[in-house]
Amino acid sequence: MKETKRRGMHVRKSELFIVPRKRENQPGRDPVEERESQKEEPLEGTMPRTPSLDHVLPKLQRIAKLAKEAPRMAFTTLAHHIDVELLHVAYQRTRKDGAAGVDGQTAADFEQNLDANLRSLVDRLKSGRYHASPVRRVHIPKGDGRTRPIGVPTFEDKVLQRAVMMVLEAIYEQDFLDCSYGFRPGRSAHDALEACWKGLMDLNGGWVVEIDIRSFFDHVDHSHIRKFLDQRVRDGVVRRVIDKWLNAGVHEEGATWFPDNGTPQGGVISPLLANVYLHKVLDEWFETEVKPRLDGKCFLIRYADDAVMGFSNEEDARRVMNTLPKRFGKYGLTLHTEKTRMIDFRRPLAKKSGSASFDLLGFTHFWGKSRKGNQVVQRKTASPRFSHALKRISEWCRANRHRPVAEQHDVLSQKLQGHYGYYGITGNMRGLTRFVHEVERTWRRWLDRRSSGRTMTWERFRLVLRRYALPRPRIVHSVYATAANPSV
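These figures come from a predicted structure and were not determined experimentally.

Conventions we followed
Residues numbered from 1 in each chain as written. Predicted model: local features only at pLDDT ≥ 70, side-chain atom pairs only at ≥ 80, totals over all residues. Heavy atoms only, no water. Pairing = 2+ DSSP bridges. Helix = DSSP H or I, 4+ residues; strand = E, 2+ residues; numbered from the N terminus. Axes fitted to C-alpha atoms, helices over the stretch in contact; angles between N-to-C directions. Contact = heavy atoms within 4.5 Å. 1 Å grid on protein atoms, 1.4 Å probe; cavity = no way out; pocket = protein on both sides within 12 Å on 5 of 7 lines; lining within 4 Å. Points joined across faces, edges and corners; volume = space filled by probe spheres on them. Expected span 1.5 Å × (residues − 1). Bend = angle between axes of the 7 residues up to and from the residue. Buried < 20%, exposed > 50% of the residue type's maximum accessible area, 1.4 Å probe, protein only. Polar contact = N/O pair within 3.5 Å; in protein donor to acceptor, adjacent residues only side chain to side chain. Core = buried A, V, L, I, M, F, W, Y, C linked by side-chain atoms within 4.5 Å. pLDDT = per-residue confidence, 0-100. Parallel < 35°, antiparallel > 145°, perpendicular 65-115°, else oblique. Left-handed = near helix turned anticlockwise from the far one by under 90°.

A. Spatial organisation of the sheet that holds strand β6 (residues 298-303). Taken together, four strands build an open sheet; the order of strands is β6-β7-β3-β8 and the sheet is antiparallel. Lying at the two open borders of the sheet, with one neighbouring strand each, are β6 and β8 (341-344). In this sheet, neighbouring strand axes are inclined to one another by 15 degrees on average, regardless of whether the strands run parallel or antiparallel. In the sheet, strand β3 (residues 207-212) pairs with strand β7 (residues 306-311) via six bridges, with the strands oriented antiparallel. Residue Ile211 lies in a different strand from β7, and its bridge partner there is Ala307. Packing against the sheet, helix α6 (residues 189-203) makes contact with β3, β6 and β7, and its axis sits at approximately 165 degrees to β6. Sheet contacts for helix α11 (residues 314-329): β3, β7 and β8; angle to β3, the most-contacted strand, approximately 10 degrees.

Quick look at the structure:
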């Protein structure tokens, strides 16, 4: 690749693969499922600039520029970009408080001899002596009562995966379409929700197709992901290490097995591989093959493996709905028959029956009236997420009711601020108010059970709230603020 001096290179804003993060999107993590825990910080974000970063940024921008100029070119030499400097940046961006992998090594252990560990990691990568450790599988609760399996790589693997991801991201950010939002720089769940809201309003509702892929991360076909990667990445070192991660195995309850399909959900590289997979299976197919064959307007919004389609024409929606199982089955994926459905989501005045609703990213979308009396698409916290979040609050209050009231207040305030940070969107004030009211009731109930006397009456609890008032509900993500200042 030809070197270009940073000062002399003229790069248009559209050519930069790093998009400035919106400030209101920073707390964009779902407090129930922590959906955005994998989200990357922009290279030019709030991180202090270091000598490593000064060298890494132009290097990645050159890759991005070349990938944009040659959308059909496959990169055959990428490994030389993965050096100690890049690994230093990757280390800085890797969470230090995460769980340890199968080797038990923590971030503090790795940092004790950081430079030597990074140099050893680079040498083993490029010589082929690097071995990927099995991921330790744990299960976290979901909002519907089930659990989600999460893979925990070793800290060394996390650092190397992040470095490789940074290089691949520079390429694939030029290929990914605007309909994709999950685990991409500068794109949050709230951006996806806003795009969905605008799409529905432009269509006046129409017909919505919900797509739910059954255990997507466990069924990613390795042969297909290799074919997709062949189209853009053919560097031997990079491809070899990706294969090692795909075949690393899963360790759970003292046993290790090696599944033929899937990527461990929770690995640093997994979200990028998932986006590459679904970009080919769904996004590109919808844009190049589906849209030209439809009679009406349509749109697609995808966040990781969650997706919805909107159609202005019922026949278009039915045709696509009938085609989806065949399309996903071709690539080894299965749609959940009950959760994948078509919904008549037209404005209530255009229908004889009542208004339908659907869920996306923790919010229920439905038709309601604005303050001016107009029919608009509104969003509220989905019932399963509301119940699960309240249950977690109750479990915490029960386990910590012996702690001083001031300490309980501090933790509950943080939990509420996190809830507002994700669910505080335009139109959901009623849901936020109801949630804090239920938290107050829960807190009083467990304070009342600190002793057998049951002395925490509502009158006494109101005096407690005067001194230890919980944060009031607030709208963090406002569509009106975005409309007034789109550049923020």
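Moving on from the model shown.
B. Main features of empty space enclosed by the protein. The final tally for this structure, using the stated rule, is four cavities of 30 Å³ or more. The space that makes up the largest cavity amounts to roughly 110 Å³. Lining the largest cavity we find 15 residues, and of these Val135, Gln161, Trp245, Pro264 and Ile269 sit closest to its centre. Contributions of two or more residues to the lining of the largest cavity are made by α5 (155-172), α9 (236-246) and α10 (270-290). Tallying contributions element by element places α9 first for the lining of the largest cavity, with three residues.

C. Quick look at α11. An ideal rise of 1.5 Å per residue puts 22 Å on 16 residues; α11 measures up with 24 Å between its terminal C-alpha atoms. At Thr323, α11 shows its largest bend, some 35 degrees, and a proline, Pro325, comes one to four positions later. Within the span of α11, buried status applies to Asp316, Ala317, Val320, Met321, Leu324, Arg327 and Phe328. Each element contacted by the buried residues of α11 is listed here: β3, α10, β7 and β8. The N-terminus of α11 is capped by Asn313, whose side-chain oxygen sits 2.8 Å from the backbone nitrogen of Glu315.

D. The arrangement of the pairing of strand β9 (residues 357-360) in detail. Across the two faces of β9 the burial differs, with Phe358 and Leu360 buried and Ser357 and Asp359 not buried at all. Of the pairings in the sheet, the one linking β9 to strand β10 (residues 363-369) comprises four bridges and is antiparallel in character. What sits directly across from Phe358, in β10, is His365. As consecutive antiparallel partners, β9 and β10 are separated by two residues, and within that stretch Leu361 has a phi angle of approximately 55 degrees, a positive value.

E. Seen up close, the nonpolar core. In this structure, Leu160, Ile211, Met309 and Phe328 are the most contacted members of the largest nonpolar core, which totals 81 residues. Top element by residues in this core is α5. It accounts for twelve residues. Counting 51 residues, the second largest nonpolar core, distinct from the first, contains Val208, Ala389, Phe435 and Trp443.

F. Spotlight on the sheet that holds β9. Strand order in this open sheet of three strands is β9-β10-β11, and the pairing throughout is antiparallel. Sheet topology places β9 and β11 (375-381) at the edges, where each strand pairs with a single neighbour. Put simply, the sheet's adjacent strands are angled 35 degrees from each other on average, direction ignored.

G. A look at the confidence of the model for the chain. Counting all residues, the mean pLDDT for the chain is 86, and 85% of those residues have values of 70 or more. Confidence drops under pLDDT 50 across residues 1-27; counting only partners more than four residues distant or on other chains, this segment forms 55 contacts. Predicted confidence is poor over residues 36-51, with pLDDT under 50, and the contacts of this stretch with residues over four places away or in other chains come to 44 contacts.

H. Structural view of the packing of helix α12 (residues 383-399) against helix α13 (residues 405-423). Relative to each other, α12 and α13 sit at 170 degrees, their axes nearing to 11 Å. Of the possible angle classes, the one that applies to α12 and α13 is roughly antiparallel. Every pair of crossing elements has a handedness; the one defined by α12 and α13 is right-handed. Across the interface between the two elements, Arg385, Ala389, Ile393, Trp396 and Cys397 of α12 pack against Gln408, Val411, Leu412, Lys415, His419 and Tyr423 of α13.

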